[in-house]
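The chain contents come next:
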Amino acid sequence: MVASGGGTVNGPEDRLLGWDVVSWRRAEDEVRRLRQRIFAASQAGDLKRVRNLQKLMLRSRSNALVSVRRVTEVNAGRKTAGVDGKVVVTPEQKADLADWVQHQAEPWSPRPVKRVYVPKSNGRRRPLGIPVIADRCLQALTVNALEPEWEARFEPKSYGFRPGRGCHDAIVAIHTTASRTDAKRLWVLDADLKAAFDGLNHDHIYQSLGTFPARGLVRQWMTAGVIEDGRFTPTEDGVPQGGVISPLLLNVALHGMEAAAGVRYYVTGTRAGKTMSNSPAVIRYADDLLALCQSREQAEQVKSRLAEWLAPRGLVFNEDKTRITHLEQGDVNFLGFAIRRYPNGKLLTKPSNDAVRRIRKRLSVEVKALRGANADAVIAKLNPVIAGWAAYYRIGVSKRVFNALDAHVWRVVYKWARFSHSNKPTRWVTARYFGKFNPARQDTWIFGSHQTGFYLRKFAWTTIVRHRMVAGMASPDDPSLTDYWATRRRRGTPPLGATTLRLLRIQQGRCPLCQGLLLHADREPHTPREWEQWLAATRKAIRKHAVTAWGVGTPDERTADRLIHAHCQHRVISNGSGHSTSVHL
């Protein structure tokens, strides 16, 4: 907890003094070091040491603090209540919750999850299970103890819901395998698992956890049941989508898929870590997988092997979405990208037709719903959508699609403007809403507001970047790869404004007040919608503020613009130590 010197310790006798005085940098560093120790012990095969360190992590004060902060301040569903209707928003509530998480006086009995539904792109609804806030915090606490052990085991081409990995790594892995002129793995098993989260076998997961200290609590979360429309339903299979620990349990259940499919790697020599020439390559992102094979027969064999391997895990292929095809016979859609190899040997990765169709429809619907609103409302609604979609697809051959979408956006906002002023001539409408609003662009047809200066961004303003795939089995929990991950983070350029990126580099990504990370980017956003939410949350979470740094430089240099957390802002203002403004991200 927070001692008089500002440090944190793990002892159960210490009590939480105050949420606002926690040294978050120290707490995060302690959790990271303990995760690295668990990883190293698991990598060395020292199971006894792994279990002792996991017990220490489960009792850790720093872990309790970081877990509560993750659930109540960082996660997208932080204001969504479970079946008890409770949310935690004030510093006092967070402090009490962190204290409870570490000092459970009595054994905790997990509560049932609340069933909610979210729309899917195909018109159906995806069922989510929302645990109560206390269970979410305990699950986050448990993840920090369990995940490092499995990070030392997980296979190289598993990219879903893992720290330091994301969709872009999976896409680049496919491109790297199939883009060479002499590539032989051009037959593709494009597979999807049917209701993967809902079908997971509890006994298999429980056995996979071995002697993990909190395995009993994990089992209780899996069997806690569901409440929907006031009715309780027991859960005999599956884990709830919406639970903090559920993605990790899915990865645990699917660990070993590459070996089951017949994937083999060189273990010695100059080609160590590379796939053997006669072996298929399996790229998996959560429950979506692609197997690149040398022939249709090999693809059929991989499918047969995996179907048999999946059965004891309670999983089956979704035959409606599973097919075997050749990369030169048509597009292979994976994670929103269309992948195709052309007769000239080039392999191109583009936004899929379905993804483009969905974003066009969404933009049209959003603008039509805003008829009667002002230009600022249209800009505020569309900018996160445009920025999020472009951020996700910026690693592909997307420039032509970006330009086409910009033309579509221009048409829909022009129709909006004409509808809003149907009795005005065209020249009046264009002069009111279109102009050279962005001084960095020589474009006189940008939609904006002359009153506020806000303007609508364009897809094409997002530069195409080449994503560098994460290396082999590299994990942020590996203590021997600290320099690798530091370099990787420095090379990464999140799609933020130039001023924000400059300040982030100056501040090394940390808030100067609490020393906590400004951007929680351990897990890359997974979809265009998640990129959109991440960018919107980033805009709300950080502010540009004149922060005084005493004893450094001249008076002008000491009081300079810095990025700080929004929840740190009120502390600065209440102390009368400066002004703050929003920063264009």
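Note that the structure is predicted; figures quoted are calculated from it, not measured. (Residues numbered from 1 in each chain as written. Predicted model: local features only at pLDDT ≥ 70, side-chain atom pairs only at ≥ 80, totals over all residues. Heavy atoms only, no water.)

A. Spotlight on a positive patch on the surface. A contiguous patch of positive charge on the surface is contributed by Arg 360, Lys 368, Arg 371, Arg 411 and Lys 415. Taken together, the elements giving at least two residues each to the positive patch come down to helix 13 (353-369) and helix 15 (399-420). Topologically, Lys 368 is positioned in helix 13. Residue Lys 368 is classed as exposed on the basis of its relative accessible area, which comes to 58%. (Patch = residues over 30% accessible without salt bridge, like charges linked within 9 Å, V, L, I, M, F, W, Y side chains within 5 Å. Areas by Shrake-Rupley, 256 points an atom, 1.4 Å probe, with all protein chains shown as cover. Salt bridge = Lys/Arg side-chain N within 4 Å of Asp/Glu carboxyl O. Lys, Arg positive; Asp, Glu negative; His and termini not counted. Charge placed at Lys NZ, Arg CZ, Asp CG, Glu CD. Helix = DSSP H or I, 4+ residues; strand = E, 2+ residues; numbered from the N terminus. Buried < 20%, exposed > 50% of the residue type's maximum accessible area, 1.4 Å probe, protein only.)

B. Structural detail: the sheet that holds strand 8 (residues 323-326). Here we have four strands laid out as an open sheet, ordered 6-7-3-8, and antiparallel in their pairing. In the strand order of this sheet, the two ends are held by strand 6 (281-285) and strand 8, each with one partner. Averaged over all adjacent pairs, the angle separating strand axes in this sheet is 20°, with direction ignored. Two strands pair when backbone bridges link them, and strand 6 and strand 7 (residues 288-293) are joined in this way by five bridges, in the antiparallel orientation. Across the sheet, Ala 281 pairs through a bridge with Leu 292, a residue of strand 7. Strand contacts of helix 6 (residues 167-178): strand 6 and strand 7, with the helix running at about 165° to strand 6, the strand carrying the most contacts. (Pairing = 2+ DSSP bridges. Axes fitted to C-alpha atoms, helices over the stretch in contact; angles between N-to-C directions. Contact = heavy atoms within 4.5 Å.)

C. View of the packing of helix 3 (residues 61-74) against helix 4 (residues 91-102). For the pair helix 3 and helix 4, the least separation of the axes is 9 Å and the interaxial angle reads 130°. Between helix 3 and helix 4, the crossing angle belongs to the class labelled oblique. Crossing angle aside, the handedness with which helix 3 passes helix 4 is right-handed. Side by side, helix 3 and helix 4 meet where Arg 61, Ala 64, Leu 65, Val 68, Thr 72 and Glu 73 of the first sit next to Lys 94, Leu 97, Ala 98, Asp 99, Val 101 and Gln 102 of the second. For the contact of helix 3 with helix 4, the residue count by class is six nonpolar, two polar and four charged. (Parallel < 35°, antiparallel > 145°, perpendicular 65-115°, else oblique. Left-handed = near helix turned anticlockwise from the far one by under 90°. Nonpolar A, V, L, I, M, F, W, Y, C, P; charged D, E, K, R; others polar.)

D. Structural detail: the pattern of salt bridges. Counted by the stated rule, this structure contains 18 salt bridges. The salt bridge involving Asp 477 is made with Arg 35; its shortest N-O contact spans 2.7 Å. Linking Asp 477 in the loop between strand 13 (446-447) and helix 17 (482-491) with Arg 35 in helix 1 (residues 24-43), this pair joins segments that are 442 residues apart in sequence. Since its relative accessible area comes to 4%, Asp 477 is described here as buried. Classification of Arg 35 as buried rests on a relative accessible area of 8%.

E. Highlighting the environment of Gly 243. Looking at the secondary structure, you find Gly 243 in the loop between strand 5 (231-233) and helix 10 (246-254). Residues Gly 243 and Ala 140, 103 residues apart in the sequence, show an inter-C-alpha distance of 9.3 Å. Excluding anything up to four places from it in sequence, Gly 243 contacts Gly 129, Pro 131 and Gln 139.

F. The arrangement of the nonpolar core in detail. Residues Phe 334, Trp 389, Val 413, Trp 416, Phe 447 and Phe 459 are the most contacted members of the largest nonpolar core, which totals 149 residues. Ranked by residue count, the leading element in this core is helix 14 (residues 375-393), at twelve residues. If near-sequence neighbours (up to four positions away) are discounted, Phe 334 is found in contact with Ala 170, Ile 171, Ile 174, Ile 283, Tyr 285, Asp 288, Leu 289, Leu 290 and Ile 339. (Core = buried A, V, L, I, M, F, W, Y, C linked by side-chain atoms within 4.5 Å.)

G. Representation of the sheet that holds strand 9 (residues 332-334). One open sheet holds the three strands; their spatial order is 9-10-11, and the pairing between them is antiparallel. Looking at which strands have only one partner, the edges of the open sheet turn out to be strand 9 and strand 11 (347-351). Across the sheet, the mean angle separating the axes of adjacent strands is 25° when strand polarity is ignored. Two elements, strand 10 (residues 337-341) and strand 11, share five bridges in a ladder whose sense is antiparallel. Counted as the bridge partner of Arg 340 is Leu 348 from strand 11.

H. Summary view of helix 4. When the terminal C-alpha atoms of helix 4 are compared, their 17 Å separation across twelve residues agrees well with the 16 Å that a helix rising 1.5 Å per residue should span. Those residues of helix 4 that fall on the buried side of the exposure criterion are Lys 94, Ala 95, Leu 97, Ala 98, Asp 99, Val 101 and Gln 102. Contact partners of the buried residues in helix 4: helix 2 (47-59), helix 3 and helix 5 (133-151). (Expected span 1.5 Å × (residues − 1).)

I. Region of the structure containing helix 12 (residues 296-310). In this model helix 12 runs 21 Å from its N-terminal to its C-terminal C-alpha over 15 residues, within 8% of the 21 Å that 1.5 Å per residue would give. Along helix 12, the positions that sit buried rather than exposed are Gln 298, Ala 299, Val 302, Lys 303, Leu 306, Trp 309 and Leu 310. Each buried residue of helix 12 lies within a common arc of 140° when the element is viewed along its axis, so the set occupies one face. Exposed residues pointing more than 90 degrees away from the buried face of helix 12 are listed as Glu 297 and Glu 308. Taken together, the buried residues of helix 12 touch strand 3 (187-192), helix 10, helix 11 (257-261), strand 7 and strand 8. (Arc of directions from axis to C-beta.)

J. Structural view of empty space enclosed by the protein. Inspection of every chain in the model, using the stated rule, returns three cavities of 30 Å³ or more. Reported here for the largest cavity is a volume of approximately 90 Å³. Residue lining of the largest cavity: Asp 406, Val 409, Trp 410, Val 413, Phe 434, Trp 445, Ile 446, Phe 447, Leu 456, Arg 457 and Lys 458, and that is the complete set. Looking at the lining of the largest cavity, the elements with two or more residues in it are helix 15 and strand 13. It is helix 15 that contributes the most residues to the lining of the largest cavity, four residues altogether. Tallied by class, residues from the lining of the largest cavity come to eight nonpolar, no polar and three charged. Within this model, the second largest cavity holds a volume of roughly 40 Å³. (1 Å grid on protein atoms, 1.4 Å probe; cavity = no way out; pocket = protein on both sides within 12 Å on 5 of 7 lines; lining within 4 Å. Points joined across faces, edges and corners; volume = space filled by probe spheres on them.)

Keep in mind these values describe shape, not function.
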